[in-house]
Amino acid sequence: MRYPLKNAISHIACAGTANLIGIIGVGFITALLTTLLLNHSLILKQSEFKRHSPTLVAFLKDTVEEAHGRTLVSQLEKNGQILAVDYTSKADKLARGEAEFQDLGVLIKEAFAETQGVNPFPASLNIYVDEELITRKALEHIALEIKTHHEIEDVMLTGQGQLKDRLRDSERTMLVGTAIAIVVAWFIIGSIIKRATVARSEEIYLMKLIGMFRNYLLLPFVVQGLFLGGLSALCGLGCFYTMMYVFQSQLGGVHFLTIYQIILVVAAEMLIGALVGLTTHRKYA
Amino acid sequence: MIQVHQVSYSYNELSVLEQVSLRVERGEFVFLVGPSGSGKTTLLRLLYADLMPITGDLSVIGQKLAKLDKISLPYFRQKIGLVFQDFKFLQDKTVRENLALPQRLAGTPSKSVKENVNRFLHQMGLSHHQHALPTEISSNERRRLAIARAVINNPVLLLADAPTEGLDLRLSLEVMALLDALNFQGMTVFVTTTDRQLAEKCNKRIIELRDGGIH
């Protein structure tokens, strides 16, 4: 096995400085892909955080009685796009405000109690919408529909829908970005392997005439592909990590990729390299 | 050992071989003599399946070449020793590495490769040049290296394309003596040359190739 590996290393060396240029090129693509991946992870994390919050909150007018509010709940639930509606009374809201804001909540309560003597928190309806339908446009339409009820003071979008939109956009960008990255990486790695093959064409021809087995001929191509793919990925990730480390304070709490994501990126690029090696071998050797 | 039946070959429109037939028996030493451009190298390339004939059948070492596939081709070629007219050495590898190449490709264990290479370097008088590059040794030494590389795997058939090209008579006879010794050990030897006188001096069977046909 030692000699075939030496032969593979010699094959890599034949491409000369093109290896370096290729590593920089594919490394740059890796860094761009990492940015998209980080952005997607971040949105996903935000989405996870907000998963249990309602999609819409409809505030009821102060004049609306609790019984009337609960009737409205059953009316709204008849809408097929709405999954569930929770009624939160003024008292519940006040209690939650105290619990969430602690001292500040008490202060607000006392302030209003002294001046007006009423609970400042409005009763509200927490509305959960089918996540499959959550597009910004669909949500706005539902919100407008709810607002037509005279018992409703205002309807607030919690941002959940917006996040879903961003998640969808990010997924789409990731998909397109990955496809472009694969094509460009394929082209770069393929060109370098082809260059090495051309440089070694006479040697390969001689080896074939002497009786070289196909696997022996294939190995240098695959090893070069693995080498270029793997090293480019590591260089790209390394540079990206360094940049993140340098600008840590500006980036706030953004974390680098997880170890699984790093392994996935490196393995994916090595796989692309190996596949390029295989196809280039079939085409040129 | 070699059976060529009604073989024709042409490069685009230019016909090189026309209806060539010949037969070489096991253990024979045969010269294929003909002027430059008569198709000797083409016939040799057909014999080691580097080219495929347009018409006709070829059988070498009991193997019908038309039936060779990509998997069996390396096994077939490992049974044949080839001496190329331009030697085809790996220019960036030493004499020792060039000589070891067929053994490495055949998957011979490292220890045996080392022993065999040492033995052949000694036999061919190349021991003192083992770490030199092929460009750093004389033309005659390169020729001996080419022969050594061709026979290091102990092939049953040796195909040598103009191994004495450019050599004077004394050196040509030296090379022929080397090939004769291999033939004496049982190896079938098929040599192409433009030098009919040399072939006659060696007192071996001569096949003449002229204008794309056997005469």
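Residues numbered from 1 in each chain as written. Chains lettered and ligands numbered in written order. Predicted model: local features only at pLDDT ≥ 70, side-chain atom pairs only at ≥ 80, totals over all residues. Heavy atoms only, no water.

So, the overall build of chain A
Note the threshold: Runs of H or I in DSSP of at least four residues are treated as helices and runs of E of at least two as strands, each being numbered from the N terminus. Exposure classes here rest on a 1.4 Å probe applied to the protein chains alone. A residue is buried below 20% of its type maximum, exposed above 50%, and partly exposed in between. Any two residues whose heavy atoms approach within 4.5 Å at even a single point are treated as in contact.
Counting its regular elements, chain A contains eleven helices and four strands. Split into buried and exposed, the 285 residues of chain A put 41% on the buried side. Sequence separation of at least 24 residues holds for 85% of the intrachain contacts in chain A that already meet a minimum separation of 6.

Focus on the nonpolar core
Our working rule: As used here, the term nonpolar core means buried Ala, Val, Leu, Ile, Met, Phe, Trp, Tyr and Cys residues forming a set that is joined through side-chain atoms within 4.5 Å.
Residues B:Ile2, B:Val4, B:Leu22, B:Leu47, B:Ile80, B:Leu159 and B:Phe190 are the most contacted members of the largest nonpolar core, which totals 60 residues. Ranked by residues supplied to this core, first place goes to helix 7 (residues 160-199) of chain A with seven residues. Setting aside residues up to four positions removed in sequence, B:Leu47 forms contacts with B:Ile2, B:Val4, B:Leu58, B:Val60, B:Leu65, B:Phe76, B:Ile80, B:Leu159 and B:Phe190. Grouped together as the second largest cluster of nonpolar side chains are 38 residues, B:Val33, B:Phe120, B:Met187 and B:Val191 included.

Observations regarding the confidence of the model for chain B
Note the following rule: The predictor attaches a confidence to each residue, and that confidence, scored 0 to 100, is pLDDT.
In the predicted model, chain B carries a mean pLDDT of 88, and the fraction of residues at 70 or more is 100%. With a pTM of 0.69, the predicted complex shows an ipTM of 0.85.

Focus on a nonpolar patch on the surface
Residue and element names in this part refer to chain A. Selection rule: Patch definition: residues above 30% relative accessible area lacking any salt bridge, with like charges linked at up to 9 Å and the nonpolar side chains Val, Leu, Ile, Met, Phe, Trp and Tyr linked at up to 5 Å. Per-residue and other accessible areas were derived by the Shrake-Rupley procedure at a 1.4 Å probe size, with only the shown protein chains allowed to occlude residues. A carboxyl oxygen of Asp or Glu within 4 Å of a side-chain nitrogen of Lys or Arg is what we treat as a salt bridge.
Where nonpolar side chains cluster on the molecular surface, the patch consists of Ile 182, Trp 186, Leu 271, Leu 275 and Leu 278 and spans about 420 Å² of accessible area. Only helix 7 and helix 11 (259-284) provide two or more residues apiece to the nonpolar patch. Top contributing element to the nonpolar patch by residue count: helix 11, with three residues. Summarising the element assignment, Leu 271 is placed in helix 11.

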